[in-house]
Amino acid sequence: MSELLLEPVVAPSDATTRRRSFLGGRAGAAALTVASLVALVVGIAGSPLPLGVRLAIAAAGAIGAVRGARILASDIAGHPVDVGFWLAAGWLLLLLLSAVFADLLPLGEASDVSKTLLEPTLVRPDLLSSHPLGTDRQGLDILAGVIYGARVSLLVGLGAVAIGAFVGGAIGLLAGFYRRGLDRGVAILSDSMMAFPPLVFLMAMVAVLQPSARNVTIALGIISIPSYIRLVRANTMTLAKREFVLASRALAADDRRILLREILPNVVLPVVSYSFVIVAVLIVSEATLSFLGLSIQRPNPTWGNLIAAGQSDFDQYPHLVFGPGAVLFITVFALNRVGDRMRLWWEPKSR
Amino acid sequence: MTALAPVAGELAPADRRKRTGRAHRFLRGLLRTGVHLLAVMFFVSIGTFMLLEFVPGDPAVAVLGPDATPQQYDEVRAELGLDRPLPQRYADWLGDAVQGDFGSSLRPPVRDVSGIIMSRLPVTLEIAGLAIAMALAMAIPLALWSASQSGGPGDQAVSATAYGLISIPNFLAALILIFFFVFRPDLVRTFVFAAGLLIAVGMLARRVPRVRREHPEDRLRSMGAGVAGAVAVAGIAGLLFLSWPDFPRQGFVRWTDAPNKLDNLRSVFLPAFTLALIEAAIFFRVLRNDLVTTLQEDFVLAARARGMPRRHILLREALRPSSFSLVTVAGVSLGRLIGAAVIVEAVFRLPGLGSMMVDAVAANDFRVVQGGVLAISILYVLLNLTVDSLYKLLDPRIRRV
């Protein structure tokens, strides 16, 4: 999966040649960026225009803004800058901070219907008002729901990855190092787990356990174990044949020391870069489960159940679905983007 | 050939020995795969069966809720065999399951679980199969087009779109399609029409400089062919615009029940298209990257030096050696799509395996959940095995491994 996500590498000369050819230097790039940002805002917020026109303007604005910013940043830094990556990383940081400090932010009410009796219902998004992403049928604020939902998504995604990486990593390390019977047994077990399509497996677990954040985290952690076993086992097998392992064995190091001090530090980096992609997959899985009503239930907001709740009105009020949907999409996109970039940094071979 | 004949006669015994060795190795590989597969299926069945053991409290209460009569509770307990010890229960269940009997559903209306599965499997298979066909139909031409001008603006735009599509969750893609195709059909219709006209104009514009380079006698014929192609594309776009079908928000018309087969296609188009969009993005990336690598090979350069037209190089020389990864990915995707169909069926309310699972999970009908999980995973394992062995037959390089 992760191999398919490799971004086509932008030629290093791209930014510089483009600048010289038709944009007339820094001023042109700055103008392009500003104009594109204006177009983006008009596309998102310009409600009198027809939908198709707005979508086209917003898309052109987004593309132009990234292009302009890349030319500008490359020119200032003196070397090509991957603005898309920095935007993705910035988005993740913003999401993380707002999820952590959600209680301190001046947000509307996200879950308690009794507090929104006086609030206007079904308000359309207006980025400058007190309900930037609008409100739903009960007057609950969508932005607040999205931010509290981010808490659930990040908590579940990171928690599950921690479980998967720890358990799967330990099993993969042992199986890849000792091989033989242990390896074969582990292969059968992880193949058995992979024989269940992930979502079906999750649904079966949720059928039995109560759908709480803790149980969903554990279930998602379990389904991510086999992929970590595969990754770590493959890495361990190649590392175990390397000279530095032989050298430390010649220095009379025991297995424990070789595993923990020689092999483990080399396995951690690929695991971390792979984890971004896995977190993206798990966030999608959690959102899917809660969209199907099989995870955390209303009134506690999650991205999935916000989208499911907005489904009934979304013919007339598309923001109920596409507000949380856009945040989900951007987050998944950003995680994939950052994960791919990390892999390029840490695995120079795959360049 | 004739010069080699005596040598071939000398080599024959050694060759035969090698061939028996290969057959032997092939059989041993098959046996090992079989044993591995049996072990996997054994664990799958145990995992599926043990589901019920994790239900907290009395399963009968979990199924029926607190308000049922004692008689109803007893019926559910009898169906689940709760009076027997665990190993015996497993053996009974497995014995029945091997014969295709997954028990009967626990909630009224009581029905045969394997009957439910068999009535719903065709729906899921239809969507998944259609999705793969549509995905290939979109991905292959686009990948060829992209790879032929790799690094250019068209390639960058398509590649970036594919990268973005992969990040869209299935259920969100389904909702986006519903919004546009069901709620704003005129927008989509106009967009398709405009895109068709643009493509037609583009085809003409690209043909003009090429025609200018040709011999004066050929110019008229060549330009005529270009105009005919452009008119055909524009005509299809216009026809689509005029007879744009209504896509239903939900519901399903069975192929066998539909008096007009188009009703069935109309009801499965959006769900299949949802899956196809994301699948096409994956196929596109795989094929495009392989094509770009292949197009740098010497034999492509040689073909180009012989003055072969671009179309010939792409279709006849480069496509086949670049398609191995695509075959693998497309093959495995059928199994994956059967799992992914769960979401799409739930969104579009189609009577497939996926919506059966969602409903059964919501209603705590454990027998249906068990039967569904077992059926889907065995299907998944068997499909992947078939693809694996087919692939070994197709690509001689890995046959011997």
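Residues numbered from 1 in each chain as written. Chains lettered and ligands numbered in written order. Predicted model: local features only at pLDDT ≥ 70, side-chain atom pairs only at ≥ 80, totals over all residues.

1. Let's talk about the overall build of chain B
Part 1 of the reasoning: From N to C terminus, chain B includes 16 helices and zero strands.
Part 2 of the reasoning: Overall size of chain B, expressed as C-alpha extent along the three principal axes, is 95 × 75 × 40 Å.
Part 3 of the reasoning: Across the 401 residues that make up chain B, the buried fraction comes to 31%.
Part 4 of the reasoning: In chain B, the share of contacts with a sequence separation of at least 24, taken over all contacts with a separation of at least 6, comes to 71%. (Helix = DSSP H or I, 4+ residues; strand = E, 2+ residues; numbered from the N terminus. Buried ≥ 20, exposed ≤ 12 C-beta atoms within 10 Å, placed from the backbone. Contact = placed C-beta atoms within 7 Å.)

2. Some remarks on the overall build of chain A
Part 1 of the reasoning: A tally of helices and strands in chain A yields twelve helices and zero strands.
Part 2 of the reasoning: Going from the N terminus to the C terminus, chain A shows its helices and strands as α-α-α-α-α-α-α-α-α-α-α-α.
Part 3 of the reasoning: Projected onto the principal axes, the alpha-carbon positions of chain A cover approximately 75 × 60 × 35 Å.
Part 4 of the reasoning: Taking all 351 residues of chain A together, 41% fall into the buried category.
Part 5 of the reasoning: For chain A, the proportion of contacts with a sequence separation of at least 24, taken over those separated by at least 6, is 68%.

3. Focus on the interface of chain A and chain B
Part 1 of the reasoning: With 41 residues of chain A in contact, the opposing surface of chain B contributes 44 residues.
Part 2 of the reasoning: Elements with a contribution of two residues or more to the side of chain A that touches chain B: α3 (51-77), α6 (180-195), α7 (198-208), α10 (255-291) and α12 (319-346) of chain A.
Part 3 of the reasoning: Broken down by element, the side of chain A that touches chain B gets its largest block of residues, eight residues, from α7(A).

4. Focus: the confidence of the model for chain A
Residues and elements named next belong to chain A.
Part 1 of the reasoning: Per-residue confidence for chain A gives a mean pLDDT of 82; residues scoring 70 or more make up 90%.
Part 2 of the reasoning: Mean pLDDT per element in chain A: helix α1 (residues 14-23) is the minimum at 47, and helix α5 (residues 142-178) is the maximum at 92.
Part 3 of the reasoning: Ignoring residues within four places in sequence, the model shows residues 1-21, a span with pLDDT below 50, making 27 contacts including any to other chains. (pLDDT = per-residue confidence, 0-100.)

5. Comments concerning the domain arrangement of chain A
Part 1 of the reasoning: Domain annotation for chain A reports domain 1 (15-81) and domain 2 (142-350).
Part 2 of the reasoning: Averaged C-alpha coordinates put domain 1 of chain A and domain 2 of chain A at centres separated by 35 Å. (Domains from an automatic or database assignment.)

6. Here's the deal with helix α10 (residues 261-294) of chain B
Residue and element names in this part refer to chain B.
Part 1 of the reasoning: Over its 34 residues, α10 extends only 42 Å from the first C-alpha to the last, a length that falls short of the 50 Å expected when each residue adds 1.5 Å.
Part 2 of the reasoning: By the largest-angle criterion, phenylalanine 269 marks the main kink of α10, which is about 40°, and a proline, proline 271, follows within four residues.
Part 3 of the reasoning: α10 sits mainly inside the fold: 25 of its 34 residues count as buried. (Expected span 1.5 Å × (residues − 1). Bend = angle between axes of the 7 residues up to and from the residue.)

7. Overview of the nonpolar core
Inside soluble globular proteins, nonpolar side chains tend to come together where they are buried.
Part 1 of the reasoning: Counting 163 residues, the largest nonpolar core has A:Val200 and B:Phe283 as the members making the most contacts within it.
Part 2 of the reasoning: Among all residues touching B:Phe283, those that are not within four sequence positions of it are B:Ala135, B:Leu136, B:Ala139, B:Leu326, B:Val329 and B:Ala330.
Part 3 of the reasoning: Among the nonpolar cores identified, the runner-up in size contains six residues, and A:Ala65, A:Ala69, A:Ile71 and A:Leu72 belong to it. (Core = buried A, V, L, I, M, F, W, Y, C linked by C-beta atoms within 7 Å.)

8. Observations concerning the packing of α10(B) against helix α12 (residues 310-322) of chain B
Residue and element names in this part refer to chain B.
Part 1 of the reasoning: The N-to-C vectors of α10 and α12 enclose an angle of 125°; their axes lie 9 Å apart at closest approach. It follows that α10 is oblique to α12 by the angle criterion. The crossing of α10 and α12 is right-handed. Residues Leu287, Asp290, Leu291 and Thr294 of α10 lie in contact with α12, whose contacting residues are Ala318, Pro321 and Ser322. (Axes fitted to C-alpha atoms, helices over the stretch in contact; angles between N-to-C directions. Parallel < 35°, antiparallel > 145°, perpendicular 65-115°, else oblique. Left-handed = near helix turned anticlockwise from the far one by under 90°.)

9. Describing the environment of A:Val53
Part 1 of the reasoning: Secondary-structure assignment places A:Val53 in helix α3.
Part 2 of the reasoning: Note: C-alpha distance between A:Val53 and A:Ile223 (170 residues apart in sequence) is 43 Å.

10. Observations regarding the packing of helix α6 (residues 153-166) of chain B against α10(B)
Residue and element names in this part refer to chain B.
Part 1 of the reasoning: Interhelical geometry of α6 versus α10 gives an angle of 130° and a closest axis separation of 8 Å. When the axes of α6 and α10 are compared, the pair comes out oblique. When the axes of α6 and α10 are compared, the crossing they make is left-handed. For the pair α6 and α10, the contacting residues are Ser159, Ala162, Leu165 and Ile166 in the first and Leu277, Ile278, Ala281, Ile282, Phe284, Arg285 and Arg288 in the second.
Part 2 of the reasoning: A breakdown of the residues in the contact of α6 with α10 according to their chemical character gives eight nonpolar, one polar and two charged. (Nonpolar A, V, L, I, M, F, W, Y, C, P; charged D, E, K, R; others polar.)

11. As for unusual backbone geometry
Part 1 of the reasoning: Look at the link from A:Arg298 to A:Pro299: it is a cis peptide, with omega at 5°.
Part 2 of the reasoning: The phi torsion at B:Arg349 lies on the positive side, around 50°, for a residue other than glycine.
Part 3 of the reasoning: Along the chain, B:Arg349 falls in the loop between α13 (324-348) and α14 (353-362).

12. A few points about the environment of B:Ala230
All names here are of chain B.
Part 1 of the reasoning: Within the secondary structure, alanine 230 is located in helix α9 (residues 216-242).
Part 2 of the reasoning: Taking the number of C-beta atoms within 10 Å as the measure of exposure, alanine 230 has 19 and is therefore partly exposed.
Part 3 of the reasoning: Separated by 127 residues in sequence, alanine 230 and glycine 103 place their C-alpha atoms 59 Å apart.
Part 4 of the reasoning: Non-local contacts of alanine 230, meaning those with residues more than four positions away in its chain, are made with Ala200, Met203 and Leu204.

13. Focus: the confidence of the model for chain B
Residue and element names in this part refer to chain B.
Part 1 of the reasoning: Looking at chain B, the pLDDT average stands at 81 and 91% of residues meet or exceed 70.
Part 2 of the reasoning: The secondary structure element of chain B with the lowest average pLDDT is helix α16 (residues 396-399), at 55, and the one with the highest is helix α7 (residues 170-183), at 91.
Part 3 of the reasoning: Taken as a whole, residues 1-14 scores under 50 in pLDDT and shows zero contacts with residues more than four places along the chain or in a different chain.
Part 4 of the reasoning: As scored by the predictor, the complex reaches a pTM of 0.83 and an ipTM of 0.83.

14. Focus: the environment of B:Ala360
All names here are of chain B.
Part 1 of the reasoning: Structurally, alanine 360 is set in helix α14.
Part 2 of the reasoning: On the neighbour-count criterion, alanine 360 (26 C-beta atoms within 10 Å) is buried.
Part 3 of the reasoning: Sequence separation between alanine 360 and glycine 372 is twelve residues, and the spatial gap between their C-alpha atoms is 9.2 Å.
Part 4 of the reasoning: Here alanine 360 is in contact with Asp365, Val368, Val369 and Gly372, once residues within four sequence places are set aside.

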